[in-house]
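# Observations on the three-dimensional arrangement
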Amino acid sequence: MDRLTLYTNPRSRGRIARWMLEEVGQPYDLVAMDYGPEMHRPDYLALNPMGKVPTVTHGPRVVTETAAICAYLADAFPEAGLVPENRASYYRWLFFAAGPFEAAVIDRALGVQIPPERTVMVGYGDFDRAVATLERAVSEAPFIAGEHFSAADVQVGSQVGWGLQFGTIPDRPAFRAYWERLADRPARVRAAAMDDALIAGASHG
């Protein structure tokens, strides 16, 4: 069987990929990387020309971008049951979270102001609309694609959880209830504990 390897930093979106790998339940190797020169070594840039993390390799295959990693791993290991019957909602919200929603949140955090007459030029329209759209989506069923947890919940849930933790999204009952349905999943708890241990180790190193 081709080996899985995760290149990551515990203070990055690599936490999404780690959670997804724990949900899949397959063994994987981990390469913890520091920001800066290490991510711009020629051997790593050959895998990820952006010089960023996470990157997942699966034998000779290379996957970057957290939504793509979630989708790839769910397809590569169907026995994990992380691809729902409702593929339409699954793909819709997986990529909405990684695309328009994240862009809206980051722009707001950076103080980027989109003039009202230019909102048609950005994928998320405006921050309030993006937030309201996801709030409605997480209110319609226990999980983002229906009654059962899927890989899309790893992506969407991570962004909701971080948004609540760091105050980058409004603390609304629908977001809080959705996150509470995800936060205690054993795979998420394991992944978070391992990443937190890396952070603690680095701070004492």
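Residues numbered from 1 in each chain as written. Predicted model: local features only at pLDDT ≥ 70, side-chain atom pairs only at ≥ 80, totals over all residues. Heavy atoms only, no water.

Per an unreviewed UniProt entry, the protein is named Glutathione S-transferase, and its organism is Cereibacter johrii.

## Let's talk about the pairing of strand S2 (residues 28-32)
Sheet faces and side chains relate simply in a regular strand, where the side chains alternate between the two faces. Formally: Two strands pair under a simple rule: DSSP has to find at least two bridges between them. Helix and strand definitions follow DSSP, with helices as H or I runs of at least four residues and strands as E runs of at least two, each counted in order from the N terminus. For crossovers, right-handed means that the path from the first strand over the helix to the second runs clockwise, given strands pointing away from the viewer.
Across five bridges, the pairing between strand S1 (residues 4-8) and S2 is parallel. Bridging from a neighbouring strand, Thr 5 pairs with Asp 29 of S2. With respect to chirality, the unit in which S1 leads through helix H1 (residues 14-24) into the neighbouring parallel S2 is right-handed.

## Some remarks on the side chain of Gln 159
For clarity, the cut-off: Each residue is placed in one exposure class: buried if its accessible area under a 1.4 Å probe, protein chains only, is under 20% of its type's maximum, exposed if it is over 50%, and partly exposed if it falls in between. Whenever two N or O atoms come within 3.5 Å, that pair is a polar contact, provided that in protein one can donate a hydrogen and the other can accept it, and provided that, for residues adjacent in sequence, both atoms are side-chain atoms. Every residue pair with non-hydrogen atoms within 4.5 Å of one another is taken to be in contact.
Summarising the element assignment, Gln 159 is placed in helix H6 (residues 151-166). Taking relative accessible area as the criterion, Gln 159 reaches 9% and is therefore assigned buried. Engagement of the side chain of Gln 159 in a polar contact is seen with the side chain of Gln 155, the distance being 2.6 Å. Not counting residues within four places of it along the chain, the set of residues in contact with Gln 159 comprises Ala 97, Ala 98, Phe 101 and Glu 102.

## Side note on the environment of Ala 74
Among the structural elements, Ala 74 can be located in helix H3 (residues 66-76). Of the residues examined, Ala 74 reaches a relative accessible area of 2% and is grouped as buried. In this structure, the C-alpha to C-alpha distance between Ala 74 and Ser 150, residues 76 residues apart in sequence, is 8.4 Å. Residues within four places of Ala 74 in sequence aside, it is in contact with Met 20, Leu 82, Val 83, Tyr 90 and Ala 151.

## Quick notes on the sheet that holds S1
For clarity, the threshold we go by: Note on method: axes are straight lines fitted to C-alpha atoms, helices fitted across the in-contact stretch only, with angles between N-to-C directions ranging 0 to 180 degrees.
Spatial ordering of the open sheet is given by S2-S1-S3-S4, a layout of four strands whose pairing is mixed. In this open sheet, the two edge strands, each paired with only one partner strand, are S2 and strand S4 (61-64). Averaged over all adjacent pairs, the angle separating strand axes in this sheet is 20°, with direction ignored. In this fold H1 packs onto S1 and S2, with an angle of close to 155° to the strand it touches most, S1. Contacts from H3 reach S1, strand S3 (55-58) and S4 within the one sheet, and its direction differs from that of S4 by about 135°.

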